[in-house]
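Chain by chain, the residues run as shown.
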Amino acid sequence: MTIRDDHAVAADLANEAGERLLQVRRRMGFDDAAALKAEGDRSSHVFLMEALARLRPSDSVLSEEATREERLDPRRLSAERVWIVDPLDGTREFSEEGRADWAVHVALWERGRLTAGAVALPAQGRTLTTAEPPKLPSSGGGRFRIAVSRTRPPEFVQKLAYLVGADLVPIGSAGAKISAVLTGEVEAYVHAGGQYEWDSAAPVAVAQAAGAHTSRVDGAELAYNQADPSLPDILVSLPELAASLLAGIRDLHR
């Protein structure tokens with residue numbers, strides 16, 4: 001692995017973790033979904049933690065698969081650099097044969113903001129990074145598409161789609177949904193059903209580098225490396241659609 005800067009570290013680690021997850025899928029097959037999910041989470045977490053300890057030993061790490069005590073370690077809050085990782089975003093999709101909407105997230109938070117990140121989509125054969133952010137597509141006018149959860153789309157997002165004239169597109173992991181905004185498969189992603197920092201840090205880092213709109217659903221800034229890693233709602237969209245989406249959300253919550 002060739003390590004250059006933080007952008008390259010994020011991309012290289014997300015890529016390699018993704019390749020290892022593809023190998024886990026091939027080795028284990030899909031007969032035992034629970035075992036496949038568990039091994040995917042475990043092996044990717046171990047790889048990322050060991051790699052970051054070797055490559056960036058002075059930095060802190062916040063991982064979804066860390067123990068509760070590790071996630072609540074107060075030293076993270078005073079650190080200047082914290083890697084926020086989701087070793088396997090979308091375990092349900094990972095365990096389903098033929099599905100490609102799962103991801104690996106690696107992001108770096110520095111002194112109050114996200115500065116580097118990568119989202120590997122291994123089964124799609126691509127990785128989105130802050131080193132070379134994707135060029136945002138145009139919304140094109142007319143009806144647009146909003147990515148939502150496959151299994152639990154928030155009721156208010158269904159109402160929002162009706163209000164602003166949009167179609168809902170079910171996609172698996174949060175990383176796959178935000179990536180879909182950046183690659184033109186949808187124009188927005190709205191979620192308010194509960195998430196954590198690791199669910200969005202890496203894709204938001206890439207989205208911000210690409211010039212997309214990113215915020216809470218009330219328009220507030222997304223904040224990372226907080227004492228409580230809960231970050232329950234998010235809006236990512238093409239910038240020209242943000243105002244109408246935020247206005248629609250405000251109307252629905254009056």
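Structure's up top.
The notes below deal with the structure included here. These numbers come from a predicted model, not from an experiment.

1. Points about the pattern of salt bridges
Pairing of side chains with opposite charge becomes possible as their charged atoms draw close.
Logical step 1: One pass over the structure, following the stated rule, counts 18 salt bridges.
Logical step 2: Between Arg150 and Glu96 there is a salt bridge, and its shortest N-O distance comes to 3.3 Å. Residue Arg150 is located in the loop between strand S6 (144–149) and helix H6 (155–164), and its partner Glu96 is located in the loop between helix H5 (91–94) and strand S3 (103–110); the two are separated by 54 residues in the primary sequence.
Logical step 3: Between Asp233 and Arg216 there is a salt bridge, with its nearest N and O atoms 2.9 Å apart. Here the residue Asp233 occupies a position in the loop between strand S9 (213–215) and strand S10 (234–237), and Arg216 occupies one in the loop between S9 and S10, the gap between them amounting to 17 residues.
Logical step 4: Relative accessible area serves as the criterion here: at 22%, Arg216 is assigned to the partly exposed category.
Logical step 5: A network of salt bridges, in which partner residues are shared, links Asp6, Arg56, Asp59, Glu80, Arg81, Glu110 and Arg111.

2. What to know about the sheet that holds strand S2 (residues 81–89)
Logical step 1: The 5 strands are arranged S1-S2-S3-S4-S5 in an open sheet whose pairing can be described as mixed. Each edge of the open sheet is held by one strand with a lone partner, namely strand S1 (60–63) and strand S5 (126–129). On average, each strand axis in the sheet is tilted by 15° relative to the strand beside it, whichever way the strands run.
Logical step 2: As paired elements, S2 and S3 share 7 bridges and run antiparallel to each other. Across the sheet, the residue bridging to Asp86 is His105, located in S3.
Logical step 3: Against the sheet, helix H8 (residues 197–210) makes contact with S1, S2, S3, strand S4 (113–121) and S5, and its axis sits at roughly 100° relative to S4, the strand it touches most.

3. A word on the side chain of Glu197
Logical step 1: In this structure, Glu197 sits in helix H8.
Logical step 2: A polar side-chain atom of Glu197 sits 2.9 Å from the main-chain amide nitrogen of Gln226.
Logical step 3: Residues within four places of Glu197 in sequence aside, it is in contact with Leu62, Ile84, Ala223, Tyr224, Asn225, Gln226, Asp228, Pro229 and Leu231.

Rules behind the numbers
Residues numbered from 1 in each chain as written. Predicted model: local features only at pLDDT ≥ 70, side-chain atom pairs only at ≥ 80, totals over all residues. Heavy atoms only, no water. Salt bridge = Lys/Arg side-chain N within 4 Å of Asp/Glu carboxyl O. Helix = DSSP H or I, 4+ residues; strand = E, 2+ residues; numbered from the N terminus. Buried < 20%, exposed > 50% of the residue type's maximum accessible area, 1.4 Å probe, protein only. Pairing = 2+ DSSP bridges. Axes fitted to C-alpha atoms, helices over the stretch in contact; angles between N-to-C directions. Contact = heavy atoms within 4.5 Å. Polar contact = N/O pair within 3.5 Å; in protein donor to acceptor, adjacent residues only side chain to side chain.

All quantities given are derived from atomic positions and should not be read as evidence of function.
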